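Per-entry structural report
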Amino acid sequence: MVHGRVSRLSVHDVRFPTSLGGHGSDAMHTDPDYSAAYVVLETDAEDGLKGYGITFTLGRGTEVVVCAVNALAPHVLNKDLGDIVGDFRGFYRQLTSDGQLRWIGPEKGVVHLATAAVLNAVWDLWAKQEGKPLWKLLVDMDPQTLVSCIDFRYITDVLTEEEACEILRQSQVGKKEREEQMLAHGYPAYTTSCAWLGYPDATLKQVGCGTSFCRQFKVKVGADLQDDIRRCRLIRNMIGPEKTLMMDANQRWDVPEAVEWMTKLAEFKPLWIEEPTSPDDILGHAAISKALAPLGIGVATGEQCHNRVIFKQLLQAKALKFLQIDSCRLGSVNENLSVLLMAKKFDIPVCPHAGGVGLCELVQHLIIFDFISVSASLQDRMCEYVDHLHEHFKYPVLIREASYMPPKDAGYSTEMKEDSVKRHRYPDGEVWKKLLTAQRN
Ligand SMILES: C[C@H](O)[C@@H](O)[C@@H](O)[C@H](O)C(=O)O
Ligand SMILES: [Mg+2]
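Definitions and cut-offs
- Residues numbered from 1 in each chain as written.
- Chains lettered and ligands numbered in written order.
- Predicted model: local features only at pLDDT ≥ 70, side-chain atom pairs only at ≥ 80, totals over all residues.
- Helix = DSSP H or I, 4+ residues; strand = E, 2+ residues; numbered from the N terminus.
- Rg over C-alpha atoms; globule rule 2.2 N^0.38 Å.
- Buried ≥ 20, exposed ≤ 12 C-beta atoms within 10 Å, placed from the backbone.
- Contact = placed C-beta atoms within 7 Å.
- Axes fitted to C-alpha atoms, helices over the stretch in contact; angles between N-to-C directions.
- Parallel < 35°, antiparallel > 145°, perpendicular 65-115°, else oblique.
- Left-handed = near helix turned anticlockwise from the far one by under 90°.
- Nonpolar A, V, L, I, M, F, W, Y, C, P; charged D, E, K, R; others polar.
- Near = placed C-beta within 6 Å.

**Observations concerning the overall build of the protein chain**
The helix and strand inventory of the protein chain stands at 17 helices and twelve strands. Against the compact-globule benchmark of 22 Å for 441 residues, the protein chain has a radius of gyration of 21 Å, which places it among compact chains. When burial is assessed residue by residue, the protein chain has 53% of its 441 residues classed as buried. Taking the intrachain contacts of the protein chain between residues at least 6 apart in sequence as the baseline, contacts between residues at least 24 apart amount to 75%.

Shown next, in the form of structure tokens:
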């Protein structure tokens, strides 16, 4: 039974100096320090349980998100957890409809990232109190309760509550077998760790494609065409003709440029081009999709899609072939559920964005749930995996034979090790104190 009143919300600015090694670098984010606004919820339940929530950020952006989390805190403090999850749709709407804060959103940007961090902590606490990993909490929930967590405002023209319930009801068939399949074999992953844009060739060879167990790889492109051709050739030669290669431009191009550039990279047989242009340009994505379809290249996007409305339109406009949910950009599990259900209705495979710090830990729950309870398919589906920073989590992901094995611990795998948080807090954690002093000298 869910219990307790939220007695404290604290939020920390936690940063990792990943830019020093070029980890995470792409055509637009050349010096990313993987970071998180890290929320801790405490209750008066005296059961020793806390809820941990993160949203993923890059370096200096974190302090702005921390500020937004503090601005949302009054909506959570002193609330009964039972009341929150008992009317989760209402609570989601309360957070996203704050009459003053919504002006700096609504449901996008900093304030939405903050919503994600807070709600991720609520879901973690709920799952912990139920003694289940989040994916299992979702799998065991009846369709009516699941849809009662979703705010259908702005999407009823493509998905009503009744339709959502019906999708979930139909997917009850074979659920038990699919859960067993996940527990035995896990969910297929692909890696991006092999080809960050800032990696020299020696690092590419050493880290990446040596991972013989992996069958699917993603390479960063978009800054310099000749260099892309060279790097894609190198990687294609390393992985061989059979394995799957994806490309990611991180929003670098205009629409015609995306088509031209990808036409030149088509010889390396990419399955998809990810974020070819602005994440807000729905019709631009549609035009690129149409132009690249004859070359066998699909468009993938989602890691910077603000909310369910953008996903709705991308689906309506046939603008993408692979949909990439993000556990920390959308409004937590609640909003991700609506996107998973819309993707099912449009029959578009979901291939989540992960990596960063903690994104793999979180999104594995959503995609495992998706397979068991919504999509019921692994066709054209895989979840991103990036091999950085897992050691800072109390319940790190478990990858076996290039697949995510379903987490067994209760919660949303969001909890970081206390010592890691302490050492990486900006600017007073030991790691940053040292770096900042070195920079000054
Ligand atoms: C700045 C980040 O590392 C991004 O490059 C990364 O999220 C990327 O787009 C990805 O798809 O993994
Ligand atoms: Mg990407």
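**Some words on the packing of helix H11 (residues 255-265) against helix H12 (residues 282-292)**
Relative orientation of the contacting elements H11 and H12 amounts to 25 degrees, with a least axis distance of 9 Å. As summarised for this structure, H11 and H12 are arranged roughly parallel, according to the angle between their axes. Regarding H11 and H12, the two cross each other, and that crossing is right-handed. Across the interface between the two elements, Val255, Ala258, Val259 and Met262 from H11 touch Gly284, Ala287, Ile288, Ala291 and Leu292 from H12. Residues belonging to the contact of H11 with H12 are distributed by class as follows: eight nonpolar, one polar and no charged.

**Here we look at the site of ligand 1**
In the neighbourhood of ligand 1, the contacting residues comprise Gly24, Asp26, His29, Pro32, Thr192, Asp248, Asn250, Glu303, His353, Gly355, Gly356 and Glu384. Partitioning the shell around ligand 1 into residue classes produces one nonpolar, seven polar and four charged.

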